[in-house]
Amino acid sequence: MLLGDRAMKTLASVRSNSDRILTLSFQGNPATTVSVVYSPTNAAEEEEVKCFYERLSRGTESVPAYNVLIVLGDYNARIGKEDSKFSFRDNTNRMAAILQS
């Protein structure tokens, strides 16, 4: 994660929730929490995918309601024509289906 000088001055904490989830907290009014994620690919085992989304869910649920929460990352999701009018894919993969639920 690259941060500028102003962001570095407000950085309160950095936490690695897993090898795929990094969470940064920034001081401010309101405080801001940013989670940067890299989701398992379609080739990953179902248990790895489940574990990833459980950790992500626990991490986001632990953020106080008055904080600004931003979740950024690569979800390896493909949205198909059955879910989007203007899609580059013919079908939706399991990552997109999980995100839609």
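Presented here is an overview of the structure given in this document. What you are looking at is a predicted structure, and each value in this text was computed from that prediction instead of being measured. Along each chain, the written sequence defines residue order, and numbers are assigned to residues from 1. Local features in a predicted model are, by the rule used here, given only for residues with pLDDT of at least 70; side-chain atom pairs are given and counted only at 80 or more, and totals for whole chains, interfaces and linings are based on all residues. Heavy atoms from the whole structure form the basis of all side-chain values; hydrogens and water molecules are not counted.

A run of H or I in DSSP becomes a helix once it reaches four residues, and a run of E becomes a strand once it reaches two; helices and strands are each numbered from the N terminus. A helix's residues, less one, multiplied by 1.5 Å, set its expected span. Taking 1.5 Å of rise per residue, the 16 residues of helix α2 (residues 46–61) would be expected to cover 22 Å, and the 22 Å separating its terminal C-alpha atoms lies within 8% of that figure. With a 1.4 Å probe rolled over the protein chains alone, any residue whose accessible area is under 20% of its type maximum counts as buried; one over 50% counts as exposed, and the rest are partly exposed. Those residues of α2 lying buried are Val49, Phe52, Tyr53, Leu56 and Gly59. Looking straight down α2, one finds that the buried residues subtend no more than 125° of arc, so they occupy a single side. Across from the buried face of α2, at angles greater than 90 degrees, the exposed residues are Glu47, Arg58 and Glu61. The directions from the helix axis to the C-beta atoms form the arc being described.

Tracing the backbone shows Val34 in strand β3 (residues 32–38). Once residues within four sequence positions are removed from consideration, Val34 is found in contact with Met1, Leu22, Thr23, Leu24, Phe26, Ile70 and Leu72. Should any heavy atoms of two residues lie within 4.5 Å, those residues are considered in contact.

Any two of the Phe, Tyr and Trp rings considered here, Trp counted by its six-membered ring, make a pair once their centres fall within 6.5 Å; the pair's planes then place it as stacked at under 30 degrees, edge-to-face at over 60, or tilted in between. The full count for this structure, using the stated rule, is 1 aromatic pair. Taking the centre distance of 4.8 Å and the plane angle of 85° together, the rings of Phe52 and Tyr53 count as edge-to-face. Phe52 gets classed as buried once you look at its relative accessible area, which sits at 4%. Take Tyr53: its relative accessible area is 14%, and that puts it in the buried class.

Along the chain, Leu3 falls in the segment before α1 (5–10). Its relative accessible area of 25% is what places Leu3 among the partly exposed residues.

The subject of this paragraph is the sheet that holds β3. Sheet architecture is open: 4 strands sit in the order β1-β2-β3-β4, paired in mixed fashion. Of all the strands in the sheet, just β1 (11–18) and β4 (68–74) have a single pairing partner and so form its edges. Direction aside, neighbouring strands of the sheet carry axes that sit 15° apart on average. In short, DSSP must find at least two bridges between two strands for them to pair. The sheet contact formed by β3 and β4 spans 7 bridges and is parallel. Think of each axis as a best-fit line through the C-alpha atoms, taken over the contacting stretch in the case of a helix, with angles from 0 to 180 degrees between the N-to-C directions.

Only buried Ala, Val, Leu, Ile, Met, Phe, Trp, Tyr and Cys residues count toward a nonpolar core, and they belong to the same one when joined by side-chain atoms within 4.5 Å. The biggest cluster of nonpolar side chains holds 8 residues, and these are Ile21, Val37, Ala44, Val49, Phe52, Tyr53, Leu56 and Tyr75. The residues touching Val37, leaving out its near neighbours within four places in the chain, are Arg20, Ile21, Phe52, Leu56, Val71, Leu72, Gly73, Asp74 and Tyr75.

Before going further, it helps to examine the pattern of salt bridges. Salt bridge criterion: a side-chain nitrogen from Lys or Arg within 4 Å of a carboxyl oxygen from Asp or Glu. All told, the structure shown has 1 salt bridge when counted by the stated rule. A salt bridge links Glu48 to Arg20, with the nearest nitrogen and oxygen atoms 3.5 Å apart. Taken together, the positions of Glu48 in helix α2 and Arg20 in the loop between β1 and β2 (21–26) put the pair 28 residues apart, joining distant regions of the chain. The exposure class of Glu48 is partly exposed, given its relative accessible area of 35%.

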